[in-house]
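Listed here are the chains, written in short residue letters.
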Amino acid sequence: VNAKTGRADIYECLLRMEKPDGRLISAGEFIPVAEQLGLSRLIDRRTLELSVLLLKKHPNLKLSLNVSGLTCSDHEWLVTLQRVTGSRRDLLSRMIIEITETAAIRDMRDAQRFINALHDTGCKVCLDDFGAGFSTFAYIKQLPVDVIKIDGLFVRNLARERDNQVFVRAMLDIARGFGKQ
């Protein structure tokens, strides 16, 4: 939701698995297992395909989608991005690819290459869960991301918790100082 207009601005694609009884399972419950089995790259590619179908169907839609840390070094994901979008800037410019801070930290060089390749296509990139790990604000400088997404731990109960207010205010000031949303 845009803080200035109060309107929905960007929709985040959240992956769910449906059980035979119709119950939905959140990604947090199955992605760790998928990563251990080496399936996260395939899941990320399928999520990309489904997201692009939505963008094609809804010309004013902006979508944000998460990719796993392994995808940051997956050339095939970038090939899939070009294939499913047809390199159409009108689609790519409405996509924000979210990488977690911990994934970016694991291999800074791969993360930088991945982000630069995404920028070359016209996508924006978001550093997700910022502040969650053993982070420093230096990552904002080192990674050419467009958006900083503050970890939910600091945003929940923001109106009531003074510590969170101080932390979020500091993060906002730093992000703005680096020209990030």
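One structure accompanies this document, and this report is about it. All residue numbers refer to positions counted from 1 along the written sequence of the respective chain. A pLDDT threshold of at least 70 governs which residues receive local features in this predicted model, and a stricter bar of 80 or more applies before side-chain atom pairs are shown or counted, although totals over entire chains, interfaces and linings include all residues. In computing side-chain properties, one takes all heavy atoms of the structure into account and sets aside hydrogens as well as water.

### Some words on a nonpolar patch on the surface
Line of reasoning, step 1. Patch rule: a residue counts if its relative accessible area is over 30% and it has no salt bridge; like charges are joined within 9 Å, and nonpolar side chains (Val, Leu, Ile, Met, Phe, Trp, Tyr) within 5 Å. Reported accessibility uses the Shrake-Rupley method at a 1.4 Å probe radius. Residues are deemed covered only where the shown protein chains occlude them. Think of a salt bridge as a Lys or Arg side-chain nitrogen and an Asp or Glu carboxyl oxygen that are within 4 Å of each other. Together, Val33, Leu37, Leu39 and Leu42 make up a nonpolar patch on the protein surface, roughly 370 Å² of accessible area in all.
Line of reasoning, step 2. Runs of H or I in DSSP of at least four residues are treated as helices and runs of E of at least two as strands, each being numbered from the N terminus. Position of Val33 relative to the elements: it lies in helix H1 (residues 27–36).
Line of reasoning, step 3. By relative accessible area, which is 44% here, Val33 ends up partly exposed. Burial classification: accessible surface area is computed with a 1.4 Å probe over protein chains only, and a residue below 20% of its type maximum counts as buried, one above 50% as exposed, and the rest as partly exposed.

### A word on the side chain of Ser51
Line of reasoning, step 1. Mapped onto the elements of the fold, Ser51 is located in helix H2 (residues 40–57).
Line of reasoning, step 2. Only heavy atoms matter for contacts: two residues are in contact if any of them lie within 4.5 Å across the pair. Look past the residues within four positions of Ser51 in its chain and what remains in contact with it is Cys13, Leu63 and Leu65.

### Considering the side chain of Thr85
Line of reasoning, step 1. Relative to the helices and strands, Thr85 is located in helix H3 (residues 75–85).
Line of reasoning, step 2. A distance of 2.7 Å separates a polar atom in the side chain of Thr85 from the backbone oxygen of Leu81.
Line of reasoning, step 3. Each residue touching Thr85, except ones within four places of it in the same chain, is listed here: Val52, Leu91, Leu92 and Met95. Pairs of N or O atoms are called polar contacts if they sit within 3.5 Å, as long as, within protein, a hydrogen donor faces a hydrogen acceptor (for residues adjacent in sequence, only side-chain-to-side-chain pairs).

### Quick look at the pattern of salt bridges
Line of reasoning, step 1. For the coordinates displayed, the defined rule picks out nine salt bridges.
Line of reasoning, step 2. Residue Glu49 is joined to Arg46 by a salt bridge in which the shortest nitrogen-to-oxygen separation is 3.2 Å. Of this pair, Glu49 and Arg46 both sit in helix H2, three residues apart, which is roughly one turn of the helix.
Line of reasoning, step 3. Take Glu49: its relative accessible area is 22%, and that puts it in the partly exposed class.

### Observations concerning unusual backbone geometry
In most cases, non-glycine residues show a negative phi, while peptide bonds are predominantly trans.
Line of reasoning, step 1. The phi angle at Ser87 is positive, at roughly 60°, despite the residue not being glycine.
Line of reasoning, step 2. Structurally, Ser87 is set in the loop between H3 and helix H4 (89–92).
Line of reasoning, step 3. Even without being a glycine, Asn157 presents a positive backbone phi close to 60°.
Line of reasoning, step 4. Mapped onto the elements, Asn157 comes out in the loop between helix H8 (152–155) and helix H9 (162–177).

### Let's talk about the nonpolar core
Line of reasoning, step 1. Put simply, a nonpolar core is a bunch of buried Ala, Val, Leu, Ile, Met, Phe, Trp, Tyr and Cys residues held in one set by side-chain atoms that sit within 4.5 Å of each other. Trp77, Leu81, Met95, Ile97, Phe114 and Leu118 are the most contacted members of the largest nonpolar core, which totals 32 residues.
Line of reasoning, step 2. Those elements giving two or more residues to this core turn out to be H2, strand S4 (63–66), H3, H4, strand S5 (95–100), helix H6 (108–121), strand S6 (124–130) and helix H7 (138–142).
Line of reasoning, step 3. With five residues, the top contributor of residues to this core is H6.
Line of reasoning, step 4. In contact with Met95, not counting residues within four places along its chain, are Leu48, Val52, Leu55, Leu63, Leu65, Leu81, Thr85, Cys123 and Lys124.

### Section: the packing of aromatic side chains
Line of reasoning, step 1. Working definition: a ring pair exists when centres of Phe, Tyr or Trp rings (six-membered ring for Trp) sit within 6.5 Å. Plane angles under 30 degrees give stacked, over 60 give edge-to-face, the rest tilted. Across all of its chains, the model carries two aromatic pairs by this definition.
Line of reasoning, step 2. Between Trp77 and Phe114 the ring centres are 5.7 Å apart and the planes differ by 55°, which places this aromatic pair in the tilted class. In this pair, Trp77 sits in helix H3 while Phe114 sits in helix H6, placing the two residues 37 residues apart along the sequence. Considered together, Trp77 and Phe114 belong to a single accessibility category, that of buried residues.

### Overview of the environment of Asp74
Line of reasoning, step 1. Along the chain, the position of Asp74 falls in the loop between S4 and H3.
Line of reasoning, step 2. Sequence separation of Asp74 and Leu91 is 17 residues, and the distance between their C-alpha atoms is 21 Å.
Line of reasoning, step 3. Setting aside anything within four residues of it in sequence, one finds Asp74 in contact with Arg41 and Arg45.

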